[in-house]
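Residues per chain are reported as follows:
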Amino acid sequence: MSGVRPPRHRPGTLLGVPLPVVLAALVISGLLGVQLAGALQESTAGSGRSAAASVDSVDGAGKNSAGLPVVTETTLGTEVQRLVDSGSIQPLTTFDAPGCLQRLGVHDSILIMEEVAWGGDETPSWLLVHGPTDRETLQAAGGIISATVVLPGCGETTFGADAPATEDLIWSGDVMIGSL
């Protein structure tokens, strides 16, 4: 009986893969997962606090603590598009927008206006959207429209109406608007 060998004990397999290899792969995967989760948490921990500073919507201008949209040159087009799409008009109150534009030498009609905070220092301002067309045509066909940002003093109706409005001008230019 010297020719018969006892059977060797073979480790088990899982779908044809030896069990020690499967266990090693699971341990390595777990360690990589823990490292990736830690890296993700580390990379997003600082950005969550700064992103919530004053922006309340991703697709338009953020709002400041007074509830006014914060508008810059980079967000002006988006804000004008939002105003044209919504068609909302704020009451003139004590701000004389047509008089302000006239003192600036602009003879377009006011289509839409909104009180805004301009730039990083959030200067109280008025955004005036004006042009030779009407809101309905602009909403339907889109096109190029003029936008002017002025200080509130430009449209004061109480005093200083004869003062030059150019010192109250913050930004003026054209904005491309898409149709609805």
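Now for a look at the structure at hand. In this text the structure is predicted, and so the values were computed from the model without any measurement. (Residues numbered from 1 in each chain as written. Predicted model: local features only at pLDDT ≥ 70, side-chain atom pairs only at ≥ 80, totals over all residues. Heavy atoms only, no water.)

Observations concerning the overall build of the protein
The test is simple: A run of H or I in DSSP becomes a helix once it reaches four residues, and a run of E becomes a strand once it reaches two; helices and strands are each numbered from the N terminus. We call a residue buried when its accessible area falls under 20% of the maximum for its residue type, exposed when it is over 50%, and partly exposed in between, using a 1.4 Å probe and counting protein chains only. By the convention used here, residues are in contact when the closest approach between their heavy atoms is within 4.5 Å. Residue-level accessible areas treat just the shown protein chains as cover; the underlying method is Shrake-Rupley with a 1.4 Å probe.
Per the secondary structure count, the protein includes four helices and eight strands. Counting over 180 residues, the protein shows a buried share of 29%. Of the contacts made within the protein by residues no fewer than 6 positions apart, 58% connect residues no fewer than 24 positions apart. Split by element, the accessible area of the protein, about 11500 Å² in all, is 60% carbon and sulfur.

Points about the nonpolar core
Generally speaking, nonpolar side chains in soluble globular proteins are found buried as a group. Going by this rule: As used in this record, nonpolar core signifies buried Ala, Val, Leu, Ile, Met, Phe, Trp, Tyr and Cys residues forming a set joined through side-chain atoms within 4.5 Å.
In this structure, Leu-76, Val-80, Leu-127 and Ile-145 are the most contacted members of the largest nonpolar core, which totals 18 residues. Mapped by element, the contributors of at least two residues to this core are α2 (76–86), β5 (109–118), β6 (123–131), β7 (143–150) and β8 (169–177). Once you skip the residues sitting within four places of it in the chain, Leu-76 turns out to touch Val-71, Trp-118, Leu-127, Ala-147, Val-149, Trp-171 and Val-175. Counting 10 residues, the second-largest nonpolar core is a separate cluster that includes Ala-97, Cys-100, Leu-101 and Leu-128.

Remarks on the sheet that holds β6
Put simply, the test is: Following DSSP output, two strands are said to pair if at least two bridges run between them. As a rule, the C-alpha atoms of each element are fitted with a line to give its axis, helices using only the stretch in contact, and angles between N-to-C directions run from 0 to 180 degrees.
Taken in spatial order, the six strands make up an open sheet running β3-β4-β5-β6-β7-β8, and their pairing is mixed. At either margin of the open sheet sits one strand with a lone partner, and together these are β3 (62–63) and β8. In the packing of α2 onto the sheet, the strands contacted are β4 (69–71), β5, β6, β7 and β8, and the crossing angle to β8 comes to about 65°.

Some words on α2
One turn of the α-helix equals 3.6 residues, which is why residues spaced by three or four share an orientation. Those residues of α2 lying buried are Leu-76, Glu-79, Val-80, Gln-81, Leu-83 and Val-84. Packing partners of the buried residues in α2 comprise β4, β5, β6, α4 (135–141), β7 and β8.

What about a nonpolar patch on the surface?
We count it as follows: Each patch is built from residues that are more than 30% exposed by relative accessible area and take part in no salt bridge. Like charges join if they lie within 9 Å; nonpolar side chains (Val, Leu, Ile, Met, Phe, Trp, Tyr) join within 5 Å. Counted as salt bridges are all cases of a side-chain nitrogen of Lys or Arg within 4 Å of a carboxyl oxygen of Asp or Glu.
The grouping of Leu-14, Leu-15, Leu-19, Leu-23 and Leu-26 at the surface amounts to a nonpolar patch, some 550 Å² of accessible area in total. The dominant element in the nonpolar patch, judged by the number of residues it contributes, is helix α1 (residues 19–51), at three residues. Within the secondary structure layout, Leu-23 lies in helix α1.

Comments concerning the pattern of salt bridges
For the structure shown, the criterion picks out two salt bridges. In this structure, Glu-79 engages Arg-82 in a salt bridge whose closest nitrogen and oxygen atoms are separated by 2.7 Å. Within this pair, Glu-79 and its partner Arg-82 are both found in helix α2, separated by three residues, close to a single helical turn. Between Glu-114 and Arg-82 there is a salt bridge whose closest N-O contact spans 2.8 Å. Highlighted residues: Glu-114 in strand β5 and Arg-82 in helix α2, separated in sequence by 32 residues. Since its relative accessible area comes to 7%, Glu-114 is described here as buried. We classify Arg-82 as partly exposed; its relative accessible area is 37%. In this structure, a network of salt bridges that share partners links the residues Glu-79, Arg-82 and Glu-114.

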